[in-house]
Each structure stands twice: as C-alpha cells, then as structure tokens.
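# Geometric and topological summary
These are the residues of each chain, in order.
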Amino acid sequence: MTTPELDEIDTAPTPEIDAPQTPDIETPPTPGQEEEEKKRRVLLLVLLFLLLCLCASGCLFLRYILKPAPITDIVPVAPVQGIPPTYVKMITGVDGPMGVAVSPDAQRLYVSESNGDRLVKVFDRDGKLLLSFFPPGTTKTNRNPTYIAVGPDGRVYLSEHYNHVIDIFDADGNFLDAIIDRDMTLTRFLATKSSTILVPGSLFYYDNISKQVFYQAPGGNPRGLPGPERAEWNPLGLRFDTEGNLMITNLVAGKHEVLIFPAASLKKDLSKFTPKFQEFGTEGKENGQFAFPNSVVRDKKGNYYVSDGNNGRISAWSSDRIYQSFFGFGSSEQTLNLPRGAWMDNKDHLHIADAVGSAIRVYDVSGAEPAFLYNFGEFGVSEGYLNFPVDITLDSTGRVYIADRENNRIDIWSY
Amino acid sequence: MQRIRSFFKTFSDRYLSTSGQVTRIIFFAVIALLLVVGSFAGFYWYDRFYSPQQSVEQITVAQAEQAVQADPTNLKTRLVLAETYLVYGRYEDALSHATQVFTEDPSLQGSWLVMGVASYFIGKPADAITPLTNYVDAFKDEEMPALDKRLQEASYYLGLSYLDLKQPDKAILPLEQTVGWSQLDADAMYKLGLAYAGVKRYEDAVNMYAKAISFVPNFAEAYQAMADAYDLGGKPELGDYARGMLAYSKKDYPAALKLLLKSAKAFPDYAPIFAGLGLTYEAQNDLVNAKASFETAVTLDPNNYTAKRGIERVVALLNK
C-alpha cells in the first residue's frame, strides 16, 4: 500500500533557493567556549598523568610477578635507609640449626643441624621438608655439620667440623666430592694415590679418626689409604662472593685466617683441584688478627668483612687483602657480642647474626665509613624472637633466613 | 601511520571532545589505577608477609585442649592444659582448670603451683599464699633445688605475693631462698632488695640492688631503688651515684656525668662510681677519660669486672 501524500512529497521538485554564502572567516570563540576548552585541556593533562601512573603501576606489578624483590629494590629511587625487615614465619623441625643457605633460584633452603641426627635438611620456600642428607661414611656421632653455602651452579658446600672437610653435594644432596686440605680434594687424592678408577656409585670419604681416605666401589670391599698430612686445615665458615669465589675461615691453632678459593678452581674437574688460593689474617686480638672468625663477605667494591667471633667485632679488609679497620666493637646496642654468620645484601648492607646479643645487627658499608643502621630481633623463645642466632642468609626476593639455634628453628623475615 | 592518526582523531572526537567526556574517562582511569595499585599492594603483602601458619601458642593450646576433650577425666592432661594457659598468660583459665584438678585430687602438687601463680597474676596475692607455701614446703628440701625451676618460680611468686600484701618481712625468706637457688636471677635480687628496704635493712637492700645491677647493668628500677635506699639510709651522696647510674641507664649522659662526678668527689675510694664514670665517658666516646676512670676503679678494686672489661674495650678502640 502506498501513501499518496508521501509519494507526492518525494516527487515534488525542490525549489532552488540561493543559500546565503558563508564568509571564509572563523568566528571567534565565545568566552564560554574558551573556558570549556581550557578546562578540557587541563583535564586531558590529568588524564595523561593518570594513564602514565596506570602504566607504571601495571609494569611494576608485572615486574614483581616475574621477579619478586622488595619494592625498594624495584622502584628506581634513592634507597630507603633504616627500614628493618618484618617477621613472617618460622620453619620448625630442625635440631640446633647451625648453617643456612638458599639456592640461586631462591626456591630451596638448606639447613645444617648441630644436634639430633645432624643432617642437612632441604626445605621448599613454604617450609615443606623436601629431603635430607648427610656426609658419606658418617653417623650422627662422628659428624658435625656447621656452615653451609650454595655455589652459583647450585652445588651445596658443607663445612663438616668433626672430620675437617668441606663436603660438596649436588642440589639434591648427592655427594660429589670433598675438599680435604687446602689444595686437595678426595677425588684428586684418590687419583694421585691409587690406580682405582672411581666408578659411578662409589663410596668415598675422609675419616678424621683413622686419618684415612676410604673408597668402595659398588659391590666391592672398602679400602683405606693413609690420608694427607693436614697441619693447616680446619675449615669453619663458608660464603660465596658474587663472582663465585669461595671464601672460608680456617681455624688452625695460631693461624686463624681467611682463605679464598677462586671460582675457576671449583668449576673445573675437582680431581684436578690445584687452587691458587689467597689468604690473610693470623690468630690474635690485635688489629688485623682474628679469634675464631666465622664468616667472610664482600661488598660491591670487593672489600672483605670478617665476623671476628671471639674478638666481638667486624674486621674490614681492602679488596687487595690489606687490613683497614674494625667496627661493631663496644658495649652499646649498636655493637656485637658474639658475631657469627654474616651476609652482605645488594645494597652493601652487612647483616650480622649476634649470637649472644640474640639480634641481627645491620651496618651500611657502602659509604666511606661503616655506619650502624638498625637491629632486628631480640632475645626470646616466642615467635619473632631469637635465641642464639648463628647464621643468616638473604635470597634474591628479599627474604631473610636466620638459623635460630637454641629455638631449634629457622626464622623467616622479609624486606 | 595515517590509520593510527585517524583512529586517534576519531577517538578524540568521540570521547575527548568535551570536558564532560574527559571527566568520565578520568573516572574510569582512576578506578583502573586503584584496582591495579590495590591488587599489587594486596599481592605484595600476601607474597611477602602473609603466613597461614598457626602460632606456637595456638598449636600448643589447641593440642592441650584436644587432649582434655579426648579424656575429660584425666587430671594430668587437665593439669597440662592449666600449665599451658599459665605459660601463655590466660590466668583465669589456668586457675579454673588447676582448681578443678586440686578439687579432684589435692595430691597433684602441680596444681598448687598453677593456682598460686595464676592467683598472683590475677591480682589476688592473698589467694596465692597457701598453694605456693605448700608447694615450696613440699620441694624445698629436695636434693638439688638449684635445678628445680618450678620450685624457684613458686618461691619467687610467694615472695612477690607477700610484697604485694605489704608484708616485706614475710617476703624475705622466700626471696632469699630464690636468690640462693637461682644465683643469676637479677629480678629476684631486686625484689629481695625491696623486701629488705621494706623492713629498713637499707644496707642489705643496697647490696642486693648492686648484685642485680652487676648482672643487668641497665637495670633502671634497681638504680632508682638503690638511690632511695641510700637516701633513706642516710647516705644521700651515694644516692647521687645511684641516680647517676639511673641517668646512664636512661642514656642521659650529661646528667649521669654530673651526678657521678659529684659522687666521686664525696667518695673517692668507691670503685663502682669510677666504673660508672668510665661507662658514661665511653658512651660519649670520650675514650681517654673512660680509660682513666676504669683504671681508677681497678686500682680501688682489682676485681671490678665492669672496669676490667671496660679497659679492654677502650684500649682496643684507642688502638684502632
């Protein structure tokens, strides 16, 4: 059906009207329009700022998910000084923890026990026990695991104070070798003293009672060889620097010292272990001397800091191993009673486990002079308190692990 | 490039051409920003600081409560629960369960200790006297009381209960027993000093405060009590020494120095004053004067441990 009226309109001729010509000049904006435009521009700037903030916070979030770290490490502003970490939780089920170390990916925690079965226990990040292991040829009565460190390649180094060896394990606790003297590993000793070829699965270890090196092929009988003379070998503290050099403290009578094994000597075949190690320090109370040094760490400039246990101080040495000074000595709350484990974080903040003081003392060594920053933890048995902390380690995510020996636990704090 | 420009032009014309449109977009941007920042903050906190782990207190109390629920008639498990409550400061609960145990079997001596200590902390020292006295009497003649921490605890709180009841004469015996059994207990020494002062044995009180301070050099209350005892005992100049050490313990070093110097003038033969001066100078990093003061203290009393250790520290710092 059609509508005649509409048809008529559609078909009706449009009358030609001469529209008035628009002049080619822009009409000036009214004051109201000007005001509106100004307001719009300001709002656009605000919007731009908000979008930038949105992008920045989104990127920050993404960056944190990909690689967790304290916010002060992620945000590129001047480092915030003097904010101690916060207590998070504890890991129980360890007996007299003596050493604590974290794998390079921050997913595994290694703890050496000084009591009970004297095992090395491995936990995941949530504190779940994954596995435990111990040095071969030992029982709980003839081993004394002390400090522990994880190399850049994930190998685990354990200072075993009863047999005076540094045992080397893979990340899963399989025994690989042991440093049994300043320039000797078990495999090198066996390679030079015996024609026996170590087949996979062989058992070999050093026994400090008989002073012998034992080895036993799978299914074979154990054989013993007189071990090396070890007049100058009694390792205690272990730490790796960022270059992968192994720094140990060696407590030979009259010669408490620091030894540094270059990374290259640990990377290559350990049966050819001939390290060009460096050493410094002697035993005593004077400047440049040590009394039971426990831990050695380095700052970004390469300077060495030694927790000089029984002298109650930190001994500072230059990168070319020249004695500089000491600090942390005295009777105030900023000083040390019995410094044991030490750890240097990526801001050159030196963390010291003060066993008798039952606290962690933190010094900033990035400046010309070491400066005390803060303490955290205090004596007690409740959660968040410490009772004879002996070792400390930080992981790449800013978590702090403390071997809280007399509380039989690992305390976890976080920056 | 042309397309992108065109897209932005279209977008701008459609959504950003008026201030009203821009305001609306700003609103959405603010919401988005808050969401992102809030999510990040929440995730950051959860990832770094949150722990679903129960506290030791929660675990221990829950275990003790479960044991009682499993066997409500077992008085020993109930007593363990009472002791657990006591350890974690739940005194009313501790008292309630310990009283139940005592009512059922008065021979379970652990309940006496819990009842007494809990009563003291609840603020009923009169109720604490009988159970604590019974507990101390039952165990004080055992072979090695110095190794019995529970006996020492009972005796200590018995003394404190008498002190709270303003009966210092009766507090002396249990506190003397505590100090005798636990010779490193600075708190017990301080309380025994208060008991002595309460019966006007000021010299004994001062000796006991001094003993407490030798274990805890920053024991502010002991210094204050010592100052009071000196004043009441007629030796106000030595009161200045105690007040000086009180100022030292509060890190008010100028005040400490002033009082200790005044006291040293009045008592030039009293080694502790010079040891205190040494500590104050050391705290102010005046190592030369600190060394001289410590040396004077050691000359006056060769066994002054504080001064001897002070000399070792100061010499090491001077030779740095």
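Residues numbered from 1 in each chain as written. Chains lettered and ligands numbered in written order. Predicted model: local features only at pLDDT ≥ 70, side-chain atom pairs only at ≥ 80, totals over all residues.

## Thoughts on the overall build of chain A
- Helix and strand counts for chain A stand at five helices and 30 strands.
- Relative to the globule expectation of 22 Å for 415 residues, the C-alpha radius of gyration of chain A, 33 Å, shows a markedly less compact shape.
- Taking as baseline every contact in chain A between residues at least 6 positions apart, the subset at least 24 positions apart corresponds to 45%. (Helix = DSSP H or I, 4+ residues; strand = E, 2+ residues; numbered from the N terminus. Rg over C-alpha atoms; globule rule 2.2 N^0.38 Å. Contact = placed C-beta atoms within 7 Å.)

## Remarks on the overall build of chain B
- If you tally the helices and strands in chain B, you get 17 helices and zero strands.
- Against the globule reference of 20 Å for 320 residues, chain B gives a C-alpha radius of gyration of 32 Å, more extended than a compact globule.
- Dimensions of chain B, computed from C-alpha atoms along their principal axes, come out at roughly 100 × 70 × 35 Å.
- Out of the 320 residues belonging to chain B, those deemed buried represent 39%.
- Nonlocal contacts in chain B, meaning residues at least 24 apart in sequence, comprise 43% of its contacts between residues at least 6 apart. (Buried ≥ 20, exposed ≤ 12 C-beta atoms within 10 Å, placed from the backbone.)

## Here's the deal with the interface of chain B and chain A
- Contacts between the two partners involve 30 residues from chain B, matched on the other side by 31 residues from chain A.
- Secondary-structure elements contributing two or more residues to the side of chain B that touches chain A are helix H2 (19–49), helix H15 (271–283) and helix H17 (305–318) of chain B.
- It is H2(B) that contributes the most residues to the side of chain B that touches chain A, 17 residues altogether.

## Section: the pairing of strand E5 (residues 129–133) of chain A
- Two strands pair when backbone bridges link them, and strand E4 (residues 120–124) of chain A and E5(A) are joined in this way by four bridges, in the antiparallel orientation. The residue of E5(A) that forms the bridge with A:Val120 is A:Phe133. (Pairing = 2+ DSSP bridges.)

## Description of the sheet that holds strand E26 (residues 359–364) of chain A
Residues and elements named next belong to chain A.
- Strand order in this open sheet of four strands is E24-E25-E26-E27, and the pairing throughout is antiparallel. Across the chains shown, the open sheet's two edge strands, defined by having one partner strand only, are strand E24 (339–344) and strand E27 (371–376). Taken over all neighbouring pairs, the strand axes of this sheet differ in orientation by 25° on average, direction set aside.
- Here E24 pairs with strand E25 (residues 349–354) via four bridges, running antiparallel. Each residue of the ladder has a partner; that of Pro-339, found in E25, is Asp-354. (Axes fitted to C-alpha atoms, helices over the stretch in contact; angles between N-to-C directions.)

## Structural notes on the confidence of the model for chain A
- Averaged over all residues, the pLDDT of chain A equals 89, while 92% of them reach at least 70.
- Confidence, read as mean pLDDT per element, is least for helix H1 (residues 4–11) of chain A in chain A (47) and greatest for strand E3 (residues 108–113) of chain A (98). (pLDDT = per-residue confidence, 0-100.)

## Section: helix H5 (residues 91–104) of chain B
All names here are of chain B.
- For H5, built from 14 residues, the straight-helix expectation of 20 Å at 1.5 Å per residue is met to within 8% by its first-to-last C-alpha distance of 20 Å.
- Looking at H5, one finds that the buried residues are Ala-94, Leu-95, His-97, Ala-98, Val-101 and Phe-102.
- Structurally, H5 contributes buried residues whose contacts are with helix H4 (75–87) and helix H6 (110–122). (Expected span 1.5 Å × (residues − 1).)

## A word on the sheet that holds strand E11 (residues 203–207) of chain A
Residues and elements named next belong to chain A.
- Read from one edge of the open sheet, three strands run E11-E12-E13, paired in antiparallel fashion. At either end of the open sheet lies a strand with only one pairing partner, and these are E11 and strand E13 (223–226). Shown here is a sheet whose adjacent strand axes are inclined to one another by a mean of 20°, direction ignored.
- Strands E11, strand E12 (212–216) and E13 of the sheet are contacted by helix H4 (residues 186–193), whose axis makes an angle of about 85° with E12.

## Considerations on the packing of helix H14 (residues 253–266) of chain B against H15(B)
Residue and element names in this part refer to chain B.
- Relative orientation of the contacting elements H14 and H15 amounts to 155°, with a least axis distance of 10 Å. By the angle between their axes, H14 is roughly antiparallel relative to H15. You can see that H14 and H15 cross each other, and the crossing is left-handed. For the pair H14 and H15, the contacting residues are Tyr-253, Ala-256, Leu-257, Leu-260, Ser-263 and Ala-264 in the first and Ile-273, Phe-274, Gly-276, Leu-277, Thr-280 and Ala-283 in the second. (Parallel < 35°, antiparallel > 145°, perpendicular 65-115°, else oblique. Left-handed = near helix turned anticlockwise from the far one by under 90°.)

## Quick word on the nonpolar core
- Counting 87 residues, the largest nonpolar core has A:Ile148 and A:Ile410 as its most contacted members.
- If we ignore the near neighbours within four places in the chain, the residues touching A:Ile148 are A:Gly99, A:Val100, A:Ala101, A:Tyr110, A:Ser112, A:Val120, A:Val156, A:Tyr157, A:Leu158 and A:Leu238.
- Counting 83 residues, the second-largest nonpolar core is a separate cluster that includes B:Val114, B:Leu160, B:Met245 and B:Phe274. (Core = buried A, V, L, I, M, F, W, Y, C linked by C-beta atoms within 7 Å.)

## Quick look at the environment of A:Leu225
Residue and element names in this part refer to chain A.
- Secondary-structure assignment places Leu-225 in strand E13.
- Note on Leu-225: 14 C-beta atoms within 10 Å, which makes it partly exposed.
- Along the backbone, Leu-225 and Ser-210 are 15 residues apart, and their C-alpha atoms lie at a distance of 9.8 Å.
- If we ignore the near neighbours within four places in the chain, the residues touching Leu-225 are Lys-193, Ser-194, Gln-212 and Val-213.

## Focus: the environment of B:Pro72
Residues and elements named next belong to chain B.
- Take Pro-72: it is sitting in the loop between helix H3 (56–70) and H4.
- Accessibility expressed as a C-beta count within 10 Å gives 11 for Pro-72, which makes it exposed.
- Sequence spacing of Pro-72 and Asp-231 is 159 residues, and the spatial spacing of their C-alpha atoms is 57 Å.

## Quick notes on the pairing of strand E2 (residues 97–102) of chain A
- Buried residues dominate E2(A), accounting for six of its six residues.
- Where E2(A) folds back on E3(A), the antiparallel hairpin that results is connected by five residues, among which A:Ala106 adopts a positive phi of roughly 65°.

## Some points on the packing of helix H12 (residues 220–232) of chain B against helix H13 (residues 236–249) of chain B
All names here are of chain B.
- With their axes 7 Å apart at the nearest point, H12 and H13 run at an angle of 165° to one another. In terms of orientation, H12 lies roughly antiparallel with respect to H13. Like other packed secondary-structure pairs, H12 and H13 cross with a definite hand, here left-handed. Only Pro-236, Leu-238, Gly-239, Ala-242, Arg-243, Met-245, Leu-246 and Ser-249 of H13 make contact with H12, whose side of the interface consists of Ala-220, Tyr-223, Gln-224, Met-226, Ala-227, Tyr-230 and Asp-231.
- Its residues assigned to classes, the contact of H12 with H13 comprises 10 nonpolar, three polar and two charged. (Nonpolar A, V, L, I, M, F, W, Y, C, P; charged D, E, K, R; others polar.)

## Structural notes on the environment of A:Tyr215
Residues and elements named next belong to chain A.
- By the secondary structure assignment, Tyr-215 is in strand E12.
- With 21 C-beta atoms counted inside 10 Å, the residue Tyr-215 sits in the buried group.
- C-alpha of Tyr-215 to C-alpha of Arg-41: the two residues are 174 residues apart in sequence and 82 Å apart in space.

## Some points on unusual backbone geometry
- Positive phi, close to 60°, is recorded for A:Asp348, a residue that is not glycine.
- Classification of A:Asp348 as partly exposed rests on a count of 19 C-beta atoms within 10 Å.

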